[in-house]
Amino acid sequence: MSRLPKAELHLHLEGTLEPEMIFRFAERNSIRLPYVDVDELAARYRFDSLQSFLDLYYANMATLLTGEDFAEMTEAYLARAAVAGVRHAEVFLDPQAHTARGIPLDAVLEGVTSALGTAEQRHGISTGLIVAILRDQSAESAMTTLDAVLSSDVEVLGIGLDSAEVGHPPSKFVEVFAKARANGLRAVAHAGEEGPPSYIWEALDLLQVERIDHGVRCLEDDALVHRLAAEQIPLTVCPLSNVRLQVVPDLGRHPLPEMLDRNLLVTVNSDDPAYFGGYVDDNYAALSLPPETLRQLAANSIRASFLDNTRKSDLL
Ligand code: HPA
Ligand code: ZN
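Just so you know, these numbers come straight off a predicted model, no measurement behind them.

Focus: the site of ligand 1
Around ligand 1 sit H12, G15, L50, D162, S163, H190, E193, S241, D271 and D272, and those are all the residues in its vicinity. Residues belonging to the shell around ligand 1 are distributed by class as follows: 1 nonpolar, 5 polar and 4 charged.

Pasting the structure below:
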């Protein structure tokens, strides 16, 4: 499956920060880590919920200080993605997690986009950057972040919505998403990972998103499944993430096959590969599906991307 040309549509760049990188960046940035070595850190990668993961995910970001750190992290992801057969990547970045620590937005954006900008030539991967809003922060903070991103020189593909889901419905960010869309950004949102199906309805109706990230809980609502299938709204599913965060009990009971049976436009993605035990090829492999289904999933990922139709046809 690593030879199947595919798009990765649900990948948090900060979730590619591998333990070795955390120690390397901590050393060069003179940051003291609360772990003695990589093994002690890796032993903490046991999660019982989204929040338990997010606590470690945000803590480890303290090691990312300079544009060079962001560039190196992004380049390491792209090199690994190429091995997985990724030909196009639309990647998330959480600017608020860095500006809140005093890192200038420009350093973050320039670091990331310097690596994304050479991905085509170095790795044969076209790329797009999706700025994700932290839904557990205020709508004002989201709007400030959007405004700063829009006034930067950097080319941004879209806006997303991530972080702690329950208690932070999409309705909180109606104005932010309206402004982002009015400024030409494509809109996506995490919904129905831990949150209820009503959050998926809200993301579609209030934020007018074009894709749902995760969305596995849609199966609890027949009317919603019918709508997602009828409109062929892509769902960017992350099997290893779902198991590691105990959204589903084990891979054998992952709902992806049922989602395909119900004619949903499902794609396979890695979410936070440094934390969840594998990159996108590992996620395809973990599903133990027949080759024709894996081919369909790879084709779905190209179809569900924001590429133009010419490039889609080249990749299909
Ligand atoms: N869900 C919500 N927020 C996130 C995730 C996720 O899977 N990964 C990184 N931020
Ligand atoms: Zn995610």
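The structure having been displayed, the exposition proceeds.
Regarding the pairing of strand β2 (residues 86–93)
Buried residues dominate β2, accounting for 8 of its 8 residues. With 3 bridges connecting them, strand β1 (residues 6–8) and β2 associate as parallel partners. Bridge pairing in β2 places A7 opposite H88. With 6 bridges joining them, β2 and strand β3 (residues 126–134) adopt parallel strand pairing. Residue V91 lies in a different strand from β3, and its bridge partner there is L129.

Observations regarding the UniProt feature "site: Important for catalytic activity" (unreviewed entry) in the chain
Per the UniProt record, "site: Important for catalytic activity" (unreviewed entry) is found at H214. Secondary-structure assignment places H214 in strand β6 (residues 211–214). Take H214: there are 28 C-beta atoms within 10 Å of it, and that puts it in the buried class. Excluding anything up to four places from it in sequence, H214 contacts H190, A191, G192, E193, V237 and C238.

Quick word on the confidence of the model for the chain
This prediction gives the chain a mean pLDDT of 97; 99% of its residues lie at or above 70. Across the whole predicted complex the pTM is 0.97, and at the interface the ipTM reaches 0.96.

Describing helix α8 (residues 139–150)
For α8, spanning 12 residues, the distance from its first C-alpha to its last is 16 Å, which sits close to the expected 16 Å at 1.5 Å a residue. Packed against the buried residues of α8 are α5 (95–99), β3, β4 (158–162) and α9 (174–182).

A short note on helix α6 (residues 105–116)
In this model, α6 (12 residues) spans 16 Å end to end at C-alpha, consistent with the 16 Å of a helix rising 1.5 Å per residue. Every buried residue of α6 is listed here: V108, L109, G111, V112, T113, A115 and L116.

With respect to the packing of helix α4 (residues 67–83) against α6
Where α4 meets α6, the closest approach of the two axes is 7 Å, and the angle between their N-to-C directions is 30 degrees. Relative to α6, the element α4 is oriented roughly parallel. For the crossing formed where α4 meets α6, the hand is right-handed. Along the contact surface, α4 presents G67, E68, D69, F70, A71, T74, E75 and L78, while α6 presents A107, V108, E110, G111, V112, S114, A115 and L116. Across the contact of α4 with α6, the residue classes tally to 8 nonpolar, 4 polar and 4 charged.

Side note on the sheet that holds β3
Across the sheet, 8 strands lie side by side as β1-β2-β3-β4-β5-β6-β7-β8; this open sheet has parallel pairing. Of all the strands in the sheet, just β1 and β8 (266–268) have a single pairing partner and so form its edges. Neighbour-to-neighbour, the strand axes of the sheet open up by a mean angle of 25 degrees, direction not taken into account.

Here we look at the UniProt feature "binding site: Zn(2+)" (unreviewed entry) in the chain
Mapped onto this structure's residue numbering, the UniProt feature "binding site: Zn(2+)" (unreviewed entry) falls at H10, H12, H190 and D271. Taking the farthest pair of C-alpha atoms as the criterion, the annotated set spanning 262 residues converges on one region, since that pair is 11.8 Å apart. Following the sequence through the fold, H10 ends up in the loop between β1 and α1 (19–28). What makes H10 buried here is the crowd of 31 C-beta atoms within 10 Å. Structurally, the position occupied by H12 is in the loop between β1 and α1. What makes H12 buried here is the crowd of 25 C-beta atoms within 10 Å.

Considering the packing of α8 against α9
The interhelical angle for the contact between α8 and α9, taken along N-to-C directions, is 15 degrees, at an axis separation of 9 Å. With respect to α9, the axis of α8 lies roughly parallel. The element α8 and its partner α9 pack so that their crossing is left-handed. The segment α8 lies against α9, with A139, A142, M143 and L146 engaging E175, V176, K179 and A180. In the contact of α8 with α9, the residues fall into 6 nonpolar, no polar and 2 charged.

What counts, and at which threshold
- Residues numbered from 1 in each chain as written.
- Chains lettered and ligands numbered in written order.
- Predicted model: local features only at pLDDT ≥ 70, side-chain atom pairs only at ≥ 80, totals over all residues.
- Near = placed C-beta within 6 Å.
- Nonpolar A, V, L, I, M, F, W, Y, C, P; charged D, E, K, R; others polar.
- Buried ≥ 20, exposed ≤ 12 C-beta atoms within 10 Å, placed from the backbone.
- Helix = DSSP H or I, 4+ residues; strand = E, 2+ residues; numbered from the N terminus.
- Pairing = 2+ DSSP bridges.
- UniProt positions renumbered as here; feature names shortened; annotations may be inferred.
- Contact = placed C-beta atoms within 7 Å.
- pLDDT = per-residue confidence, 0-100.
- Expected span 1.5 Å × (residues − 1).
- Axes fitted to C-alpha atoms, helices over the stretch in contact; angles between N-to-C directions.
- Parallel < 35°, antiparallel > 145°, perpendicular 65-115°, else oblique.
- Left-handed = near helix turned anticlockwise from the far one by under 90°.

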